[in-house]
Amino acid sequence: MTKTENGFPSRVRRLLTASAMAAGASFLFSTSASAQDACLGTAQALALTADQVSDVMERNLRFGFLTNNISDDFSRTLVKGGEDYANEIGVELIVNSADFDANTQLSQFDALVQQQVDGIFLTAVDAGSIGQAIRRANDANIPVFIVGGAPARGEVISVMNASSYQGSFDAGAVLMETIGESNAKIAVLGIPFALQTIRDREKGILDAIGAGGGQMISLQSDFSQETLLQLATNVIQANPDLGGIFATWSLAVNAATEAVKQSGRDIPIAGYDSEAPGYVELASGDTNIVALSGQQAALQGRAAIEGLVQSILGAELCDEIITPNLLVTADNFEEMWSIQYPGADRPWEN
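Residues numbered from 1 in each chain as written. Predicted model: local features only at pLDDT ≥ 70, side-chain atom pairs only at ≥ 80, totals over all residues. Heavy atoms only, no water.

Participant: Looking at this structure, how should I read unusual backbone geometry?
Facilitator: Outside of glycine, negative phi angles account for most residues, and trans bonds account for most peptide bonds. Of note in the backbone geometry, asparagine 60 takes a positive phi value of approximately 55 degrees without being a glycine. Its place among the elements puts asparagine 60 in the loop between helix H2 (50-57) and strand E1 (62-67). Of note, asparagine 183 is a non-glycine position whose phi angle comes to about 60 degrees, a positive value. Looking at where asparagine 183 falls in the secondary structure, it is placed in the loop between helix H6 (164-179) and strand E6 (185-190). (Helix = DSSP H or I, 4+ residues; strand = E, 2+ residues; numbered from the N terminus.)

Participant: I'm lost on the packing of aromatic side chains in this one. Help?
Facilitator: How two aromatic rings sit relative to each other is set out by the distance from centre to centre and by the angle between their planes. One pass over the full model with this rule turns up 13 aromatic pairs. Plain terms: the ring middles of phenylalanine 100 and phenylalanine 193 are 5.8 Å apart, the flat faces sit at 45 degrees to each other, and that makes the pair tilted. You can see phenylalanine 100 sitting in the loop between strand E2 (92-97) and helix H4 (102-114) and its partner phenylalanine 193 sitting in the loop between E6 and helix H7 (196-211), a full 93 residues away along the chain. Pair check on accessibility: phenylalanine 100 and phenylalanine 193 agree, each one buried. (Phe/Tyr/Trp six-rings, centres within 6.5 Å; stacked < 30°, edge-to-face > 60°. Buried < 20%, exposed > 50% of the residue type's maximum accessible area, 1.4 Å probe, protein only.)

Participant: Is there a simple way to explain the sheet that holds strand E4 (residues 144-147) in this structure?
Facilitator: Neighbouring strands of a sheet are bound in pairs by backbone hydrogen bonds; such pairs are parallel or else antiparallel. As summarised here, the arrangement of the 6 strands in space is E2-E1-E3-E4-E5-E11, forming an open sheet in which the pairing is parallel. The open sheet terminates on both sides in strands that have one partner only, identified here as E2 and strand E11 (320-323). Across the sheet, the axes of successive neighbouring strands diverge by a mean angle of 20 degrees, strand direction being ignored. Pairing of E1 with strand E3 (residues 119-123), which is carried by 4 bridges, proceeds in the parallel orientation. Note that in E3 the partner of leucine 66 across the bridge is leucine 122. (Pairing = 2+ DSSP bridges. Axes fitted to C-alpha atoms, helices over the stretch in contact; angles between N-to-C directions.)

Participant: I tried to follow empty space enclosed by the protein on my own but got confused; where do I start?
Facilitator: Remark: the empty space left among the atoms is shown by a probe the size of a water molecule rolled over them. Under the definition given, this model contains 3 cavities of 30 Å³ or more. Of the voids in this model, the largest cavity is the one considered here, and its volume is about 260 Å³. Lining the largest cavity are 23 residues, with Asn68, Phe74, Phe193, Arg201 and Gln295 sitting closest to its centre. When contributions to the lining of the largest cavity are tallied by element, the ones reaching two or more residues are helix H3 (73-89), strand E5 (158-162) and H7. The class makeup of the residues in the lining of the largest cavity is 11 nonpolar, 9 polar and 3 charged. (1 Å grid on protein atoms, 1.4 Å probe; cavity = no way out; pocket = protein on both sides within 12 Å on 5 of 7 lines; lining within 4 Å. Points joined across faces, edges and corners; volume = space filled by probe spheres on them. Nonpolar A, V, L, I, M, F, W, Y, C, P; charged D, E, K, R; others polar.)

Participant: Can you help me understand H6 in this one?
Facilitator: Each α-helix winds once per 3.6 residues, and so residues spaced three or four apart point in a common direction. Over its 16 residues, H6 extends 23 Å from the first C-alpha to the last, a length consistent with the 22 Å expected when each residue adds 1.5 Å. Of the residues one or two after H6, glycine 180 is the one with positive phi, at around 65 degrees. (Expected span 1.5 Å × (residues − 1).)

So yeah, pure geometry; function would need other evidence.
What follows is the structure in C-alpha cells.
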C-alpha cells in the first residue's frame, strides 16, 4: 500500500479531514429553531434560544430517559449529556436502563406513561416490541423521541441516529486500505439488535469491503464480550489467511482486540464505536486497531432533551435527525477524545 504524509494514504487523510470538519460543525449550537423554514433536522437546529430556556424553566417539565443498557461508554455518555443539559434548563429527568431486556423496557416505559411525564426519550432494545407502548404514550399525548430506528407501531416526533452507514463505511475503508490486498477475507463481529441503525452499520462495512475488493467470510453477533471473544478466536483459528476484523459495536471491538493479541498474529482491526478501551489501544502506539468510528453521545444526549422541548413548544422535528460521526485513528485520537467525551479524563493517562 502506498503511504503519504503521517503514514496515511490520501483517501484516509481525506476521511480524517472530513471527520474533523464534522466534529467542528456538530458543536455549533447557535442555530435557533426560529431560523428554520420547515422542520428541525439537525442537532444544531434543535438548540434552544435564551427565551425558550426561560420559558422551559417555568414549566417544571419531567422527562423519561430510557436506555437499552448502561454497560458501555456510549450509553453512559448519552445519559450524562442528557442529565447535564436537563439540569441546566430545569427539567427533571427520570433515567432507567433495560439491561438489554425488551420486557424490562416495556415495563419502564409504561411506568412513565402512568406517571404522566411530559416526554420520553428512548434507545430501544427492540423497535418492534416497543411499538404498543409508544401507542399508549400517543394516547396520553406524551411525545416520544427515539434513537436507532422507527418503531413498528406508534408515532414518534423523530428518530435520531448517528451516521451509522457512513461511519462504518469510512472505518471499513481505512481497514481495506491498510490491508491493501485484493480478495482479503474480513470477519465481522456484531450486536443482535433488531434496529435499522445496526443494519446500516452492517451495510456500511459490507459496502466498504466490496469497494476494497475484499470478501466478508462471517458475520456473528452477541451481547456478551466473552462470547464475542470466543467467536473472534474461532474465526482467527479457522482462517490462517484472515485479512482483517471489523466490529460493529464497542464490546465487539474489545473482543476482537483481545482475540488478535492472544493469537499473536498481525491482523488489522477497525470498528464502529470509539470508547475508552479503544482510545487506550490507539494511544499505546502498539495496536492492531487502524480506525474507529465514534458516535457523539454527549451531543445526542443534549439533543434528546432539546428535541422533546422543541416539540412541547410547538416546533416540528424532521422524521430523522442525523448526528455526524468521528473517524478516530492513532493520528488524531487526542483531538477526537476531547470532542467525543468533553470534560472527561483521558483514560490513557490513568
